[in-house]
Amino acid sequence: MRVKNVIAAMLFFVSILCLSSCVGNESDTANELYVGVTCYDLSDAFVSELLECFKASCNDREITVTIRDAVGAQRTQNDQVQELIDEGCNVLCVNLVDRTDPSEIIDMAREREVPIIFFNREPVAEDLRQWDNLYYVGAYSRQSGVMQGELAAETIWKNKSIDRNKDGKIQYVMLEGETGHQDSVIRTEYAVNTLKEKGIELERLSYGIANWNRVQAQNRMSQMLSRHGEEIELVLSNNDDMALGAIDAYMELDVEETNLPAFFGIDGISESLEAVKDGTMTATVYNNKEGQAEAMTELSYSLMTGKEMKNVKFENGQCVYMDYVKVTPDNVKEFLAREKEQ
C-alpha cells in the first residue's frame with residue numbers, strides 16, 4: 001500500500017508540474033507582442049529599407065516581427081495574411097500588392113479582430129472606411145511630384161547647358177511605376193506640371209513603364225536611347241530604383257559625361273544618396289522611412305497594449321503621413337549620416 005501511495009503521489013506531483021508549465025507557456029504566448037508583415041515585393045529597395053528600419057524600431061520595444069514577401073501576387077499575399085493570423089499575430093502590417101483589392105484581407109482580419117496597418121501603398125479611401133481598426137502610414141504622393149519638379153526646374157535655370165541643343169525646350173523622358181497606380185499617376189502629373197509652372201518649356205520624347213524596378217528601367221531606357229540618343233536632356237523617374245536603372249543604361253553604353261542628361265528620382269534610398277553625392281544622379285526626394293517605421297511601431301505597440309500614442313498625428317482618424325524632403329548635392333551628407341545611424 002505504501003508503494004502505491006508513493007507512486008500515486010509522484011504522478012500527482014508530475015501532473016501539477018506539467019499543468020503549471022502549460023499555463024506558463026500559454027501566458028508567455030498571450031503576453032508576446034507579435035506583428036505580422038506582408039509586403040508586395042521585397043525586391044523594392046525602398047520597401048526593403050523601410051522594413052529594416054521597422055524591425056530595428058520594433059526590436060527596441062521588444063516586439064516580435066515576421067515578414068513575408070508576396071512577390072507581386074495578391075493571391076499569395078491573401079494566403080500569407082491568413083497564415084500570420086493563424087500564427088497568432090496581434091497586429092498586421094500590409095503593403096498591398098493591389099491597392100484596389102484589400103477586401104479579403106480586411107474580412108479575414110476583422111473576423112479575428114486583428115487590426116491592420118496598411119503602409120506605403122495606400123488603399124482606396126472607401127476601403128479604409130470598411131472597419132474602425134484599419135490604418136495607413138505613408139507619405140504624400142503629390143508632394144513628391146511637386147518637389148521633383150521644383151528640383152528639376154531649379155537645376156535647369158541654374159545650368160543652361162542642360163538644354164544641349166539650345167532650342168529653348170527641354171527634351172525629356174519619363175520612367176513610370178505601375179500602369180494606373182496612384183503614385184505613378186500623381187508623381188508623373190505633378191512633376192511635369194510643376195516644371196511647366198516654373199517656366200520650363202518641355203517636350204516629351206518618350207516614356208516607359210518599369211514597375212518600380214531597376215532592371216526593367218534599364219531595359220526601357222536602353223530602348224529609348226536607341227530611338228532618341230543624345231536628344232534626351234532630362235530623365236524623370238517615379239522612384240530612385242528606376243532612375244538608377246536609367247543611369248545603368250547610359251553607363252553600359254559608356255556615354256560621355258557631357259552627353260548625359262540630368263537624372264531625378266524619388267525615395268532617397270541608400271544607393272541613390274551615394275549617386276547624388278558623387279554627381280551621377282542630379283537630385284532626389286527623400287521619403288522618410290525612419291519616421292514611417294517609427295509611426296508603424298508606435299501604432300502597433302498602442303494597438304497591442306492599449307497605451308496612448310504620444311508622437312503619432314492622424315489625419316481623418318486613420319492615416320499618418322510623413323513629409324518628403326528635397327535632397328541635393330548641398331545637403332546629401334546629412335541624409336547619408338542619418339543612414340549610418342540606423
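Coordinates for the structure precede this section.
None of these values were measured; they are calculated from a predicted model. (Residues numbered from 1 in each chain as written. Predicted model: local features only at pLDDT ≥ 70, side-chain atom pairs only at ≥ 80, totals over all residues. Heavy atoms only, no water.)

**What to know about the packing of aromatic side chains**
Phase 1 of the analysis: Taken as a whole and assessed by the stated rule, the structure comprises five aromatic pairs.
Phase 2 of the analysis: Ring centres of Tyr 140 and Tyr 321 lie 4.8 Å apart, and the angle between their planes is 25 degrees; on these two criteria the pair is classed as stacked. Of the two residues, Tyr 140 is situated in the loop between β5 (134-139) and α6 (141-158) and Tyr 321 in strand β11 (residues 319-322); the sequence distance between them amounts to 181 residues.
Phase 3 of the analysis: Each member of the aromatic cluster is reached from another via a ring pair, and the members are Tyr 136, Tyr 140 and Tyr 321.
Phase 4 of the analysis: Taking NZ or CZ as reference, Arg 61 lies 4.9 Å from the ring centre of Tyr 301, over its face.
Phase 5 of the analysis: Sitting over the face of the ring of Tyr 40, Arg 121 holds its NZ or CZ atom 3.9 Å from the ring centroid. (Phe/Tyr/Trp six-rings, centres within 6.5 Å; stacked < 30°, edge-to-face > 60°. Helix = DSSP H or I, 4+ residues; strand = E, 2+ residues; numbered from the N terminus. Lys NZ or Arg CZ within 6 Å of the ring centre and 35° of its normal.)

**Quick look at the sheet that holds strand β6 (residues 170-176)**
Phase 1 of the analysis: Strands sit in the order β7-β6-β8-β9 across an open sheet of four strands; the sheet is parallel. Of all the strands in the sheet, just β7 (202-209) and β9 (262-264) have a single pairing partner and so form its edges. Averaged over all neighbouring strand pairs, the angle between strand axes comes to 20 degrees, with direction disregarded.
Phase 2 of the analysis: Of the strands in this sheet, β6, β7 and β8 (234-237) are in contact with helix α8 (residues 214-228), which crosses β7 at around 140 degrees.
Phase 3 of the analysis: Most of the contacts of helix α9 (residues 240-252) go to β9, to which it runs at about 155 degrees, and overall it touches β6, β8 and β9. (Pairing = 2+ DSSP bridges. Axes fitted to C-alpha atoms, helices over the stretch in contact; angles between N-to-C directions. Contact = heavy atoms within 4.5 Å.)

**Quick notes on the sheet that holds strand β1 (residues 34-39)**
Phase 1 of the analysis: If you trace the six strands from one edge of the open sheet to the other, you get β2-β1-β3-β4-β5-β11, paired in parallel fashion. Two strands in the sheet have a free side with no partner beyond their single neighbour: β2 (64-69) and β11. In this sheet, adjacent strand axes meet at a mean angle of 15 degrees when their direction is disregarded.
Phase 2 of the analysis: Sheet topology note: the strand β3 (residues 91-94)/strand β4 (residues 116-119) ladder contains three bridges and is parallel.

**What to know about the pattern of salt bridges**
Phase 1 of the analysis: Inspection of every chain in the model, using the stated rule, returns 19 salt bridges.
Phase 2 of the analysis: Salt-bridge contacts for Glu 104 lead to Arg 75; the nearest nitrogen and oxygen are separated by 2.8 Å. Pair noted here: Glu 104 is in helix α4 (residues 103-111) and Arg 75 is in helix α3 (residues 74-86), with a separation of 29 residues, a long-range link.
Phase 3 of the analysis: Of the residues examined, Glu 104 reaches a relative accessible area of 35% and is grouped as partly exposed.
Phase 4 of the analysis: The structure contains a network of salt bridges with shared partners spanning Glu 49, Lys 289, Glu 290 and Arg 338. (Salt bridge = Lys/Arg side-chain N within 4 Å of Asp/Glu carboxyl O. Buried < 20%, exposed > 50% of the residue type's maximum accessible area, 1.4 Å probe, protein only.)

**A few points about unusual backbone geometry**
Phase 1 of the analysis: For Val 71, which is not glycine, the phi dihedral falls at a positive 50 degrees.
Phase 2 of the analysis: Following the sequence through the fold, Val 71 ends up in the loop between β2 and α3.
Phase 3 of the analysis: The backbone phi angle of Asp 254 is positive, close to 55 degrees, even though this residue is not glycine.
Phase 4 of the analysis: Mapping Asp 254 onto the fold places it in the loop between α9 and β9.
Phase 5 of the analysis: Overall, Asp 254 belongs to the exposed group, its relative accessible area being 66%.

**Section: the environment of Ser 302**
Phase 1 of the analysis: Along the chain, the position of Ser 302 falls in helix α11 (residues 289-305).
Phase 2 of the analysis: If we ignore the near neighbours within four places in the chain, the residues touching Ser 302 are Lys 307, Glu 308 and Met 309.

**Here's the deal with the packing of α6 against helix α7 (residues 182-197)**
Phase 1 of the analysis: α7 packs onto α6 with a crossing angle of 35 degrees between their chain directions and a minimal axis gap of 7 Å. Handedness of the α6/α7 crossing: right-handed. Listed contacts from α7 to Ser 141, Arg 142, Ser 144, Gly 145, Val 146, Gln 148, Gly 149, Glu 150, Ala 152, Ala 153 and Ile 156 of α6 are Asp 183, Ile 186, Arg 187, Tyr 190, Ala 191, Thr 194 and Leu 195.
Phase 2 of the analysis: Residue composition of the contact of α6 with α7, grouped by class: eight nonpolar, six polar and four charged. (Left-handed = near helix turned anticlockwise from the far one by under 90°. Nonpolar A, V, L, I, M, F, W, Y, C, P; charged D, E, K, R; others polar.)

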